[in-house]
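Single-letter residue listing:
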Amino acid sequence: MIMIWPCIYQVIYNVYITSDLNFQVCGHKWADISEYSFGLAILNDSKYGYSCLDNVLRLSLLRSPKAPDMTADMGTHKFTYAIMPHTGSFQEAGVIQQAYNLNCPLYVGQRDNGGDIALANNVGTDPTSFFKLDTPQVILETVKRCEKKVNSIVLRVYEAFGGETRTCLMCLLPFTNIYRCNGLEDQIPTEETIGEEIDVGENEITFTIKSFQVISFIIDLQ
């Protein structure tokens, strides 16, 4: 089973391993081993296999298959990983946010008259964000141009903790309309989103999102 954003909860028992082929699970960005009051997470920027047995959490560095490509994974590999001990649960400790910080570091660039971009040396200290959510339980994963409309953008969020919640997404960009869409960026009829209780304000949208649900919006900019 491949899960792009939500996490997989697994209770570790020796009897879980029944063959040589199911010793690990897939995962991106992070894995965490915890009990009630503390735990430890492994963060990484490019690996995707983890295993856990006898309180040992392992990160698989190479898959090295020989079919269909006999030379797969051969050569020099460069990657980054981090070990993050924490108190409380991984949700309380902010493991997901730290994993995103490792995978998506913020770079500020300046564009010259020729269109070239260089890293900026002098950056203001006042933080500014075009989009904000009022809870770390919901992740704004994607901000992209809409493929089917000229002056519109797509926002894609998902619930990361494993429980239904109601959240508010604030937008500093002036917009004329905002509505739900599917993965193909087609508008979803209003009657199909009644359970999400979507309320649109002057510069915000409030909605209900279920456990591990992925929701996409299209925003028509002014």
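To keep things clear, this report deals only with the structure shown in the data block. (Residues numbered from 1 in each chain as written. Predicted model: local features only at pLDDT ≥ 70, side-chain atom pairs only at ≥ 80, totals over all residues. Heavy atoms only, no water.)

**Concerning the sheet that holds strand E15 (residues 204-209)**
Here is the rule: Two strands pair under a simple rule: DSSP has to find at least two bridges between them. Helix numbers and strand numbers start at the N terminus; a helix is a DSSP run of H or I with at least 4 residues, a strand a run of E with at least 2.
With antiparallel pairing, the four strands of this open sheet are ordered in space as E9-E12-E15-E14. Of all strands in the sheet, those with a lone pairing partner are strand E9 (131-133) and strand E14 (199-200), marking the two edges. In this sheet, E15 lies alongside strand E12 (residues 165-171) in antiparallel orientation, the contact comprising six bridges. Each residue of the ladder has a partner; that of Met 170, found in E15, is Glu 204.

**Focus on unusual backbone geometry**
The phi angle of most residues is negative, glycine excepted, and most peptide bonds adopt the trans form. Rules: When a residue's accessible area, from a 1.4 Å probe over protein chains only, is under 20% of the maximum for its type it is buried; when over 50% it is exposed; and in between it is partly exposed.
A cis amide bond, omega 5°, links Ala 67 with the succeeding residue Pro 68. For Asp 73, which is not glycine, the phi dihedral falls at a positive 65°. Within the fold, Asp 73 resides in the loop between strand E5 (56-59) and strand E6 (81-87). Although it is not a glycine, Glu 197 sits at a positive phi angle of roughly 50°. Within the secondary structure, Glu 197 sits in the loop between strand E13 (175-181) and E14. Its relative accessible area of 46% is what places Glu 197 among the partly exposed residues.

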